[in-house]
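Observations on chain architecture
Next come the chains, spelled out residue by residue.
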Amino acid sequence: MKVTFIIKKTVKRYDTDSKATIYLRLRDGRRLDSIAPTELTINPNLWDDKAEQVKSKVVCSDELRNEINGGVRLLKTYIEKEYQTISNDEISKDWLKTALDKYHNPNKYKTKEELIVETKPTIEELLDEFLLKHKLSEVRRKNFRVVRRAILRYELYVKATRRGQKDFVLDIDNITSDTLRDMWDFFENEHKYFELYPAIYESIPEKRTPKPRGKNTLNDCFCRIRTFFLWCFDNKKTTNRPFDQFRIDECTYGTPIYITLEERDKLFEKDLSVHKQVEIQRDIFVFQSLIGCRIGDLYRMTKQNIINDAIEYIPRKTKEGNPLTVRVPLNDKAKLILEKYKDCESNKLLPFISEQKYNDAIKKAFELAEINRIVTILDPLTNEEVKKPMYEVASSHMARRTFIGNIYKKVKDPNLIGALSGHKEGSKAFSRYREIDEDMKKELVNLLG
């Protein structure tokens, strides 16, 4: 069996523009002698008939030389290999033509199943499509992107640390509950791997150094991954449902911690004029505690949210599903704060800074105002009770808890309070705010006479 390459066309000596098809000839004694065109073309004056390649001394681009010489070598290897695998029954005068067509147009000869496997999107492509097409608020989209990056780092981690897994790829169809458990372990210990495998974090970086994740945070991450898998299933990207065998526990929360009205007034009346930025953020905290909104909703507010001595807004958390307009009348303290910052730059409601700096300023303001009552909280990492002074646990969300907790003491009507806080009726989250405090316990005991 012999494979040779020829051209059939001749041109004038100085013709540099004409092109001729390179033909492949396959001879195997009396068994077969066939010629068929390849998809390679060349100017005949550049072709060396004996060497079956571009003339070694001719002037031409390296790109052309590599394309022709390399193409000839690959074709020769392919035809020789294919011919050795066929039986006598498969030999025909059209065999060579079909073999070359299969080489140049392989997809024509692949099964539907083979094409699906080859064009199958990667986990990264599916995550990107999910973020693009699934209806998400910007906050949730941002949180999903964090999870997306962690999933892609997990893939790199397996490649870097597992023997024989250098080519490991997360396949949407092959992820099992065991894969999810292994992924959970990676998410839980990622703060350690950050130092051990810096190359992973150079490839897929985070703005902040990874910190230990508590169980509630991990539950939240895997609820997002489950949402992604359900989307893939519903959109026929996969039939795989690994979360059917992977349980996500309910998040556990301690009793909501908030300050009393007396503590709030003490904080508001504290002279912080020597700490100007802390004073400004203290005022914003007090204002937030008077309208009870989430930090994300507060930061989106402008002066247009003030309508007839009230704040009106649509909570971002309910905006996508059943939009609910929340209207909270402004009391005298709230009006006083708004008047103080009425000349705030642009159209912002108040002089907001980054959320992290806002939280830092809140803690500082609490400390300076000596809001240091010891409270019992659940440590988010260990899930154990710990005692801390109030100023160490203060945050923007405490303003919302302060609003809800103190109103509930007065009214004890969750539906009425929900109309002010933006909670949906029957919200599980709202139930956590209904702390039965000492005063309420006394009222209940007094009912016994």
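We now turn to the structure provided with this report. Please read these numbers as outputs of a predicted model, since none were measured by experiment.

Definitions and cut-offs
- Residues numbered from 1 in each chain as written.
- Predicted model: local features only at pLDDT ≥ 70, side-chain atom pairs only at ≥ 80, totals over all residues.
- Heavy atoms only, no water.
- Helix = DSSP H or I, 4+ residues; strand = E, 2+ residues; numbered from the N terminus.
- Areas by Shrake-Rupley, 256 points an atom, 1.4 Å probe, with all protein chains shown as cover.
- Salt bridge = Lys/Arg side-chain N within 4 Å of Asp/Glu carboxyl O.
- Buried < 20%, exposed > 50% of the residue type's maximum accessible area, 1.4 Å probe, protein only.
- Arc of directions from axis to C-beta.
- Contact = heavy atoms within 4.5 Å.

What follows is about the overall build of the protein. Scanning the protein from N- to C-terminus turns up 19 helices and nine strands. If you sum the accessible surface of the protein, you get close to 27,000 Å²; carbon and sulfur atoms cover 49% of it.

This part covers the pattern of salt bridges. Evaluated as defined, the whole model comprises 30 salt bridges. The salt bridge partner of K333 is D265, with a shortest N-O separation of 3.6 Å. Of the two residues, K333 sits in helix α13 (residues 332-340) while D265 sits in helix α9 (residues 261-269), which places them 68 residues apart along the sequence. Among the salt bridges present, the one from E339 reaches K342, with a minimum N-O distance of 3.0 Å. For E339, a relative accessible area of 45% translates into the label partly exposed. Here the salt bridges do not stand alone but share partners, grouping R149, R153, E190, E206 and R213 into one network.

What follows concerns helix α2 (residues 95-104). What α2 keeps buried is the set W95, L96, A99 and L100. Down the axis of α2, the sector holding all buried residues measures 130°, keeping them to one side. Lining the buried residues of α2 we find β2 (20-28), β3 (32-42) and α1 (62-85).

Within the secondary structure, M1 sits in the segment before β1 (2-7). Under the relative-accessibility criterion, M1 is labelled partly exposed at 41%. Once the C-alpha coordinates of M1 and Q84 are considered, the two residues, 83 residues apart in sequence, prove to be 9.3 Å apart. Aside from chain neighbours lying at most four places away, what touches M1 is L26, R27, D28, E80, Y83 and Q84.

The subject of this paragraph is α9. When α9 is considered as a whole, its buried residues turn out to be E263, R264, D265, L267 and F268. At its buried positions, α9 is contacted by α10 (276-291), α13, α14 (355-368) and α15 (390-393).

The phi angle of most residues is negative, glycine excepted, and most peptide bonds adopt the trans form. Look at E52: it is not a glycine, yet its phi comes out positive at around 55°. When you line up the elements, E52 lands in the loop between β4 (47-48) and β5 (53-54). With a phi angle near 50°, N308 is a residue other than glycine that sits in the positive phi range. The topology assignment puts N308 in the loop between α11 (295-300) and β6 (310-313). For N308, a relative accessible area of 66% gives the class exposed.

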